[in-house]
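Chain residues, written in single-letter form:
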Amino acid sequence: MYNRISQLLKKTVTDELVTVEGWVRTKRESKTVCFLELNDGSSLKGLQAVIDLETFADKPLLAKISTGAAVSCQGKLIPSPGGKQAVELAVDSLTLHGEAPAESYPLQKKRHTLEYLREIAHLRPRTNTLGAVARVRHAVSYAIHTFFNERGFYYVHTPIISTADAEGAGEQFQVTTLDLNNVPLLEEGGVDFSKDFFGQKAALTVSGQLQGEAYALALKNIYTFGPTFRAENSNTRRHLSEFWMIEPEMAFCTLEGNMALAEEFLKYIFSYVLENCAEDMEFFSTWIEKGVAETLQKVIDSPFVEMSYTDAVTELIKNNAKFAFPVKWGSDLQTEHERFLTEEVHNGPVIVTDYPKEIKAFYMKLNPDEKTVRAMDVLVPRLGEIIGGSERESRLDLLTERMVTLGLKPEDYWWYLDLRRYGSVPHSGFGLGFDRAIQYITGIQNIRDVIPFPRAVKQADF
Ligand code: ATP
Ligand code: MN
């Protein structure tokens, strides 16, 4: 059961019989031998199973085997004469579990476009690209948990159904059991949510941060790693309706500690994939995006440069002629500006800090200038922003004031404000969109191809 092809390929010849289970990628036949290339998802490379047609009796069985069939083969590993691989399997016996008729199997041996593969999302993990993505997603998840665990961070499961709108981050998906054909109304108009399942309006979470803060203010260092939902009606290559987000939060920590953690974190996970997914990364570098592994290596090797928003804008204004959207102090930075800072100005990762409060969320710590907040965006070459974070406003009066200015009702956030009322302390955190990070690591253009079953506008099949 635990014989995986990735392990067997590393072996030298053995005398014992091994059983290999997998799906046939290709079948080639000559007069005397039949070659099956088997893949079991454990590596890009398959294992070549060789059937000696002079001794193998069950020819009708072989005839039923084609690309996509599920088989198990028993035999011995022998040195492979071809030299393309060190070992191959000399098959003694073979079981065909499930056929994949060639007339209808949608994944014939040829290059399919990623667009086509999206239409067969249930079969696409059997391709090289999606298989490699799945392994990299797994490895990065594992690296993230390891990174935090080694540093004493606790993994907190924040709620998926939420009544707190974190920063109005995006359009929310409402969760309701009300009969949509007969919605209870208030006398003064509007929906009577007291009749709804939760007795109030509820939605799928857009971020676990606010609840994460509550746990940081008790366990000191925590992180969330969970699904996040945004009903963004934008059909882009970078937006999903359902994606995964990692949000560490640290108490007794100012923006300096936050920046240091973000840098260490990115370097750790990039190093982890380069070391542990070398074969898959080479595949991405060759077939998906030239040099993607070098881009990661460069981030690992570069010190992250810190730069204030004001300095960044000064630099950008000098180059305004180059941009589709010219910059002035107060504007939100677009990807073109972010990339200019990290690719042209610094030629390496940049952390931009202290953004104007108007373009950032209500919970960020106000600076003494009263114009900017203690925010940070981490920018990397080829992408722009990869991480966004801040030191949180830990002062009750300033936080309340800010909410009122923005038209948020402090009573709706009573419990969040309690965290400032009782045992408040400087604390900081950031968010990394997991699927965006996988896009960056693999070089895959469309975010729909780095998540198993993408949910996006008008897309929720499978
Ligand atoms: P964007 O400007 O790209 O829409 P955002 O400013 O809305 O991003 P945040 O609210 O800061 O993003 O969310 C934290 C992280 O979650 C982002 O840095 C990004 O990596 C990721 N993210 C945000 N929206 C999406 C989405 N719709 N699909 C996938 N990842 C997302
Ligand atoms: Mn957004």
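Coordinates for the structure precede this section.
All of these numbers come straight from a predicted model, not from anything done at the bench.

Peer 1: Whenever I open this one, the sheet that holds strand β8 (residues 174-175) confuses me. Can you help?
Peer 2: Working definition: the strands of a sheet are paired by backbone hydrogen bonds and lie parallel or antiparallel to each other. In spatial order, the strands read β7-β9-β8; together these three strands make up an open sheet with antiparallel pairing. With one partner strand each, in any of the chains shown, β7 (161-162) and β8 form the two edges of the open sheet. Where β7 meets strand β9 (residues 202-204), two bridges bridge the pair, whose relative direction is antiparallel. Paired with Ile161 across the two strands is Leu204, which belongs to β9.

Peer 1: When you look at helix α12 (residues 414-421) in this model, what are you seeing that I'm missing?
Peer 2: Since the α-helix advances by 3.6 residues per turn, residues separated by three or four positions end up pointing in the same direction. Looking only at α12, the buried set comprises Tyr416, Leu417, Leu419 and Arg420. Take α12 and look down its axis: the buried residues cluster within an arc of 140°, on one side only. Those residues of α12 hidden inside the fold are in contact with α5 (209-219), α11 (396-405) and β16 (427-433). Once α12 finishes, Gly423 follows within two positions and takes phi at roughly 65°, a positive value.

Peer 1: So what exactly am I meant to see when it comes to the packing of α11 against α12 here?
Peer 2: Two quantities define a packed helix pair, namely the angle between the axes and the distance from one axis to the other. Where α11 contacts α12, the two axes come as close as 9 Å, and the packing angle between them is 155°. Judged by the inter-axis angle, α11 sits roughly antiparallel to α12. For the pair formed by α11 and α12, the contact residues are Leu396, Leu399, Thr400 and Met403 on the first element and Tyr416, Leu417, Arg420 and Arg421 on the second. Class assignment of the residues belonging to the contact of α11 with α12 gives a composition of five nonpolar, one polar and two charged.

Peer 1: Sorry, what's going on with helix α8 (residues 292-301) here?
Peer 2: Buried within α8 we find Val292, Ala293, Thr295, Leu296, Val299 and Ile300. Down the axis of α8, the smallest arc covering the buried residues is 160°, so these residues share one side. Residues of α8 that are exposed and point over 90 degrees away from its buried face: Glu294 and Asp301. Structurally, α8 contributes buried residues whose contacts are with α6 (255-276), α7 (278-288), β14 (372-380) and α13 (434-442).

Peer 1: Please explain the sheet that holds strand β2 (residues 33-39) as it appears in this structure.
Peer 2: The strand order β1-β2-β3-β5-β4 describes a closed barrel built from five strands, whose pairing is mixed. Strand-to-strand twist of the sheet, defined as the mean angle between neighbouring strand axes without regard to direction, takes the value 55°. The pairing of strand β4 (residues 70-79) with strand β5 (residues 87-98) spans ten bridges and is antiparallel. Residue pairing across strands places Ile78 opposite Glu88, the latter belonging to β5.

Procedures and definitions
Residues numbered from 1 in each chain as written. Chains lettered and ligands numbered in written order. Predicted model: local features only at pLDDT ≥ 70, side-chain atom pairs only at ≥ 80, totals over all residues. Heavy atoms only, no water. Pairing = 2+ DSSP bridges. Helix = DSSP H or I, 4+ residues; strand = E, 2+ residues; numbered from the N terminus. Buried < 20%, exposed > 50% of the residue type's maximum accessible area, 1.4 Å probe, protein only. Arc of directions from axis to C-beta. Contact = heavy atoms within 4.5 Å. Axes fitted to C-alpha atoms, helices over the stretch in contact; angles between N-to-C directions. Parallel < 35°, antiparallel > 145°, perpendicular 65-115°, else oblique. Nonpolar A, V, L, I, M, F, W, Y, C, P; charged D, E, K, R; others polar.

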